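# Chain and residue survey
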Amino acid sequence: MTSINVHGLTVAYHRKPVLSDVTFELPKGVIIGILGPNGAGKTTLMKAILGLVQRSTGEVSVLGEAYSPKSNKVGYVPQRGTVDWDFPTDALDVVRMGRYRHTGWFRLPSKKDTVMALDCLKQVGMEGFAGRQISQLSGGQQQRVFLARALAQDTEVYFMDEPFAGVDAATEKSIIALLTELKDQGKTVLVVHHDLQTVTDYFDWTLLLNRRVIACGPTEEVFTTENLRSTYGGKLAFLDKIGSR
């Protein structure tokens, strides 16, 4: 079953195209890495799919239905640098926010929601920080809390914008283990990523992007020297290490 279908998506800022005629289909139950150079439109693609930036053209469907920002089938973890971490709230409240699509914005969280939020914090190793103000957490801890909030949304598809950025090796290992668990449950996970060294270990599918789709498919098929040179312009030393495929 197709989890995400994007057809003819174009995004322009001040009439200058940032993404041009992007088209791809992604299967259900896989972890997909979205890779490309700085300015390639990776974050814009994710936001355009989610309806967070306006599309000039294009259609998006999720699990066979036209996507709506009100959908409860999709969870989103933004870049950590875009979040106001000085907002006066604790880790538990941040995670409980993930339940609002299910409970409604104007209803207090139920006991069941709180129990679920605590369980999600436990899954990311943050149960001991439930009452800690988010501004007092380290970068890696903040990222774990946002992952817990995504888990609390209890969705079928997860969008994660650079979840490994600025975290230590232990946190990165725990995050990929969590994403693998989601995949094993039949969930689909899209990850904006920048570290080419870990692509073959982390992702079942890879989407190579540079304002347009260079290649999209199973990682062992598309993560090739030729495709990487087309994506990055042949400027990465890493290309010489992976050899011809």
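Residues numbered from 1 in each chain as written. Predicted model: local features only at pLDDT ≥ 70, side-chain atom pairs only at ≥ 80, totals over all residues. Heavy atoms only, no water.

As named in an unreviewed UniProt entry, the protein is Manganese ABC transporter ATP-binding protein, taken from Rossellomorea marisflavi. In the Sequence similarities (unreviewed entry) part of its UniProt record, the protein is described as follows: "Belongs to the ABC transporter superfamily." (UniProt positions renumbered as here; feature names shortened; annotations may be inferred.)

Turning to the environment of L208, a few remarks are in order. Secondary-structure assignment places L208 in strand 9 (residues 205-209). Look past the residues within four positions of L208 in its chain and what remains in contact with it is L35, V213, I214, A215, V222, N227, L228 and T231. (Helix = DSSP H or I, 4+ residues; strand = E, 2+ residues; numbered from the N terminus. Contact = heavy atoms within 4.5 Å.)

Moving on: the packing of helix 5 (residues 139-153) against helix 6 (residues 169-184). Interhelical geometry of helix 5 versus helix 6 gives an angle of 10 degrees and a closest axis separation of 10 Å. Comparing their axes, helix 6 and helix 5 come out roughly parallel. On helix 6, the residues that touch G140, Q143, R144, L147 and L151 of helix 5 are A170, T171, S174, I175, L178 and L182. Split into classes, the residues belonging to the contact of helix 5 with helix 6 amount to six nonpolar, four polar and one charged. (Axes fitted to C-alpha atoms, helices over the stretch in contact; angles between N-to-C directions. Parallel < 35°, antiparallel > 145°, perpendicular 65-115°, else oblique. Nonpolar A, V, L, I, M, F, W, Y, C, P; charged D, E, K, R; others polar.)

The subject of this paragraph is the pairing of strand 2 (residues 16-27). Taken together, the eight bridges between strand 1 (residues 2-13) and strand 2 define a ladder with antiparallel strand orientation. Pairing of A12 across the sheet is with P17, part of strand 2. Counted between consecutive antiparallel strands, the loop separating strand 1 from strand 2 contains two residues, among which H14 sits at a positive phi close to 55 degrees. (Pairing = 2+ DSSP bridges.)

Next up on the list: the pattern of salt bridges. Scanning the model with the defined rule gives four salt bridges in all. In this structure, E156 and K187 form a salt bridge, with 3.5 Å as the shortest nitrogen-oxygen distance. Of this pair, E156 sits in the loop between helix 5 and strand 7 (157-161) while K187 sits in the loop between helix 6 and strand 8 (188-192); the two residues are 31 residues apart in sequence, bridging distant segments of the chain. The exposure class of E156 is partly exposed, given its relative accessible area of 29%. (Salt bridge = Lys/Arg side-chain N within 4 Å of Asp/Glu carboxyl O. Buried < 20%, exposed > 50% of the residue type's maximum accessible area, 1.4 Å probe, protein only.)

Time to look at unusual backbone geometry. Notably, L63 is not glycine yet its phi reads approximately 55 degrees, a positive angle. Tracing the sequence through the fold places L63 in the loop between strand 4 (57-62) and strand 5 (65-66). Positive phi, normally seen in glycine, also occurs at D154, with a value near 55 degrees. Among the secondary structure elements, D154 is positioned in the loop between helix 5 and strand 7.

Turning next to the nonpolar core. Ranked by internal contacts, the top residues of the largest apolar core, which has 43 residues, are V95, L121, V145, M160, L179, V189 and V191. Per element, the largest residue contribution to this core is seven residues, and it comes from helix 5. Setting aside residues no more than four positions away along its own chain, M160 makes contact with M46, V77, L147, L179, V189, L190, V191 and V192. Counting residues in hydrophobic clusters, the runner-up holds 30 residues, among them L26, L50, L63 and Y67. (Core = buried A, V, L, I, M, F, W, Y, C linked by side-chain atoms within 4.5 Å.)

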